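Residues per chain are reported as follows:
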Amino acid sequence: MRRLKEIIVGSILACAIVPQSAAQDTVRKAIMLPEVQIIQLNTHPEGTLTQTPTQVATAEKIERLGDAQLSDVLRRMVGVTLKDYGGIGGIKTVSARGLGSQFSTLTIDGVAVTDCQNGQVDLGRYLLGNSSYISMSNGQVDNTLGSARAYSAGSIINMETHEPEFGARPYNLKIGGEAGSFWLLSPTLSVERQLGQRLSVSAWANYLHTKGDYPFTLFYRPGQTGNTTRERRQNSQVDLATADANLFYRMDSRNRLHVKVHYMQGYHALPGPVIYYSRLGTEHSQEQLFFAQARHRHTGRNWDWQLLGKHQRSKDIYEDTAAMNVGLVHNEYNQSESYLSQSVRYHTGAEGKDYFSLTLSVDEAVNNLMSNLDNHNQVERLSALGVVSAEYVAHKAKSLKGMRISGHLLGTWIRDYEPQTVSEPYARLSPYAGVTWPMGNFTLRYFYKEHFRVPNFNELYYYTIGHDLRPERARQHNLGVTYRSRPIQKKELVGAGTATVDLYYNRVNDKIVAIPMQNMYLWSMMNMGKVEIEGVDVTVNGCIENRDIPRWRIDLSVGYSFQYAVDRTDTESKTYGHQIPYTPRHSGNITLTATTPWVDVGYSAMMVGQRYALQQNTSANRVAGYTDHGISVSREFDLGESTIRVKAQVLNIFNKQYEVVKSYPMMGRNYRIGIVWQL
């Protein structure tokens, strides 16, 4: 068929009933006890063992540091550049290792969140109340039984949903709220219920409101010089409601099903840039997002498989009440996606023998975008991705014991359809190869990956002069070493530590560049960019526990990143050899969490070096570096069958005024308090 109008995702799930036999009431005869299986829930990847560099923030660390949004976690990860357009209400995107935000893919429980219009997701709109952990993997997730879409990404951000655990009661209840500076209010409710030995459900809801009218100092000369006035941020209000429901079903020892239904509705006043006497924002957006997804995993003796299915619908309304030379702008965009992914893996090997696996993953997706614009108001994109991957782990040879070699070949086919128009397809093969070699406490790792990014609908159709755009092509190299110390014990103290050093080289060809034509509303999109990125990521983690004092533990994490990301497009250009916009050469972070029987403390410091707002590295385009400190203190009170946790936070302790994006001042010192009752 020339045009596929819809895709129907369905699956037939069968569950086996395992009979149980009753034991006889006797003390003379042997009693055959039924098999008991212990399943560890929500296991997260270990960054020192993975083939691709992976950083993880657990729910416990998130709670200690007081992070509320996904962007709060990601900004403290090494190699990640966050773009924040003005505090709570501003859009937030990340770029990993200089590749650009559209090379990063957000997944929730392994299923990608997509936006075919922009090609990127606002990470500030995802809250962390029911997450088990957040992981950030460069290259790809270190899991051969993954979707083909996950193989295609330059980096993967994964939010894993917390799976309930029950004690004597078959239910858990959590009610809480948070209040803070600038009219921040955020009540939350979480309910978990066990419906059987293998079946449980959970529901979580949160509402976030803030006026966001924080004060800032307005400088009337570049470089924060000259006369100043004290102003307040305008047009920063946020109202965000989120609801999430989950079903977890452990069919038997080999089959697990997770179904999620998610809904979000929000209003974001979009704070504009502060440019001399112009400080009022006139833009705002309203958004709705709904998706339902399911993940079914089977783990067999030699065969594993995974089935993912998702349907997503979203509506975005953008308005500018005073657009220059245009008047009122009112744009509506309606998106939908139907997505299906199947993965099957064959593996062989036993204790002490070499391990080999072969995996096939196939994804199909249909994306539709409807808008109220005059042109290109009905666009459909069909995507098909397939990947074949293989992995070998040596065990027999002592000198190579534990060495893991893996590789895959990804095929991508994408085509756009409009009424009366069919585009030429984007088709490409992309390889990957990697090796991990453990040597005592050290592990060496290397990977090479090729991948590409297809232009999004904005680049192809909206506010541009049309061109036949080619996909951006990226190549990644990573060479790293990790170290895991043996446990160190001195009297009652027990400690351990890990460290990683990764050197990387990335190159992006056919980079899509926007060039203004007659005015700022008419642009030409062209493939004319080349970027080279050389960098180093360093992480050090350590912990100390006191065995004589319950709940006494200190964790320290230190990270540093160096990125030399420069334009290599044209040797005659004024920007050749210049650092690409909003990519600091130097950045780092420190986090310290202390758990004690009396009080829990979390401290974080984030350091970002100077950047440039435009491609030319001139003093006029320079954005000053900054350091941001925050501290969180909490105490849990035992009430018998329930607990109450009280928390207080101070963010930007030293009231440093800085900008992540030029002319978008961030909040100074601000406060938050919270209370959570848990049954």
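A. Geometry of the overall build of the protein. Each helix and strand counted, the protein has four helices and 38 strands in total. Expressed as a percentage of its 679 residues, the buried residues of the protein come to 47%. At a minimum sequence separation of 6, the contacts of the protein that also span at least 24 residues come to 64%. For the protein, the accessible area works out to roughly 33,200 Å², and carbon and sulfur atoms hold 57% of it.

B. Structural detail: empty space enclosed by the protein. Counting across every chain of the model gives six cavities of 30 Å³ or more. Its boundaries defined by the atoms lining it, the largest cavity holds a volume of some 770 Å³. Taken together, the elements giving at least two residues each to the lining of the largest cavity come down to strand E3 (92-96), strand E4 (104-108), strand E5 (111-113), helix H3 (148-152), strand E19 (378-393), strand E20 (404-418) and strand E23 (442-453). Of the residues assigned to the lining of the largest cavity, the class counts are 16 nonpolar, 16 polar and five charged. The calculated volume of the second largest cavity comes to roughly 470 Å³. Every residue lining the second largest cavity is counted, 34 residues in all, and those nearest its centre are Asp72, Arg75, Asp628, Leu651 and Arg672. At six residues, strand E34 (residues 626-638) tops the list of elements feeding residues into the lining of the second largest cavity. Considering only residue class, the lining of the second largest cavity consists of 13 nonpolar, 13 polar and eight charged.

C. Region of interest: the pairing of E34. Here strand E31 (residues 600-608) pairs with E34 via nine bridges, running antiparallel. When the sheet's bridge partners are listed, Val601 is paired in E34 with Val633. Between E34 and strand E35 (residues 643-651), which follow one another and run antiparallel, lie four residues, and Gly640 among them has a positive phi close to 95 degrees.

D. View of the sheet that holds strand E6 (residues 131-138). If you walk across this open sheet you meet the five strands as E1-E6-E7-E4-E5, and the pairing is mixed. Because the sheet does not close on itself, it has two edges, and the strands there are strand E1 (54-58) and E5. Going across the sheet, the axis of each strand differs from the next one's by a mean of 25 degrees, ignoring polarity. Across five bridges, E1 lies against E6 in antiparallel orientation. Each bridged residue has a counterpart across the sheet, and for Thr54 the counterpart in E6 is Ser137.

E. The pairing of strand E13 (residues 238-250), seen in detail. When strand E10 (residues 199-210) meets E13, the two strands line up antiparallel, connected through twelve bridges. Note that in E13 the partner of Ser202 across the bridge is Asn246. Relative to strand E14 (residues 255-270), E13 is paired through 13 bridges, and the arrangement is antiparallel. Note that in E14 the partner of Val238 across the bridge is His268. Linking E13 back to E14 in an antiparallel pair, the connection comprises four residues.

F. Up close: a nonpolar patch on the surface. Together, Trp303, Trp305, Val344, Tyr346, Phe356, Leu358, Leu360, Val388, Tyr392 and Ile405 line one region of the surface with nonpolar side chains, adding up to about 870 Å² of accessible area. When contributions to the nonpolar patch are tallied by element, the ones reaching two or more residues are strand E16 (303-323), strand E17 (327-348), strand E18 (355-371) and E19. Top contributing element to the nonpolar patch by residue count: E18, with three residues. When you line up the elements, Ile405 lands in strand E20.

G. Examining the environment of Pro438 more closely. Along the chain, Pro438 falls in strand E22 (residues 426-439). For the pair Pro438 and Gly402, spaced 36 residues apart in the sequence, the C-alpha separation amounts to 6.1 Å. Once residues within four sequence positions are removed from consideration, Pro438 is found in contact with Lys401, Gly402, Met403 and Thr443.

H. Region of the structure containing the side chain of Ser147. Note that Ser147 resides in the loop between E6 and H3. Ser147 sits in the buried class, given a relative accessible area of 5%. The residues touching Ser147, leaving out its near neighbours within four places in the chain, are Gly110, Gln306, Leu308, Tyr339, Ser341, Ser343, Ser361 and Asp363.

I. Region of the structure containing the pattern of salt bridges. Scanning all chains against the criterion turns up 31 salt bridges. Across the salt bridge formed by Arg149 and Glu337, the nearest N and O atoms sit 3.0 Å from each other. In this pair, Arg149 sits in helix H3 while Glu337 sits in strand E17, placing the two residues 188 residues apart along the sequence. Note on Glu337: relative accessible area 2%, which makes it buried. Its salt-bridge partner being Arg568, residue Glu532 comes within 3.5 Å of it at the nearest N-O pair. You can see Glu532 sitting in strand E28 (residues 523-546) and its partner Arg568 sitting in the loop between strand E29 (553-567) and strand E30 (586-595), a full 36 residues away along the chain. Among the residues examined, Arg568 registers a relative accessible area of 22% and is labelled partly exposed.

Criteria and thresholds
Residues numbered from 1 in each chain as written. Predicted model: local features only at pLDDT ≥ 70, side-chain atom pairs only at ≥ 80, totals over all residues. Heavy atoms only, no water. Helix = DSSP H or I, 4+ residues; strand = E, 2+ residues; numbered from the N terminus. Buried < 20%, exposed > 50% of the residue type's maximum accessible area, 1.4 Å probe, protein only. Contact = heavy atoms within 4.5 Å. Areas by Shrake-Rupley, 256 points an atom, 1.4 Å probe, with all protein chains shown as cover. 1 Å grid on protein atoms, 1.4 Å probe; cavity = no way out; pocket = protein on both sides within 12 Å on 5 of 7 lines; lining within 4 Å. Points joined across faces, edges and corners; volume = space filled by probe spheres on them. Nonpolar A, V, L, I, M, F, W, Y, C, P; charged D, E, K, R; others polar. Pairing = 2+ DSSP bridges. Axes fitted to C-alpha atoms, helices over the stretch in contact; angles between N-to-C directions. Patch = residues over 30% accessible without salt bridge, like charges linked within 9 Å, V, L, I, M, F, W, Y side chains within 5 Å. Salt bridge = Lys/Arg side-chain N within 4 Å of Asp/Glu carboxyl O.

Scope: geometric values only; no functional claims are made or implied.
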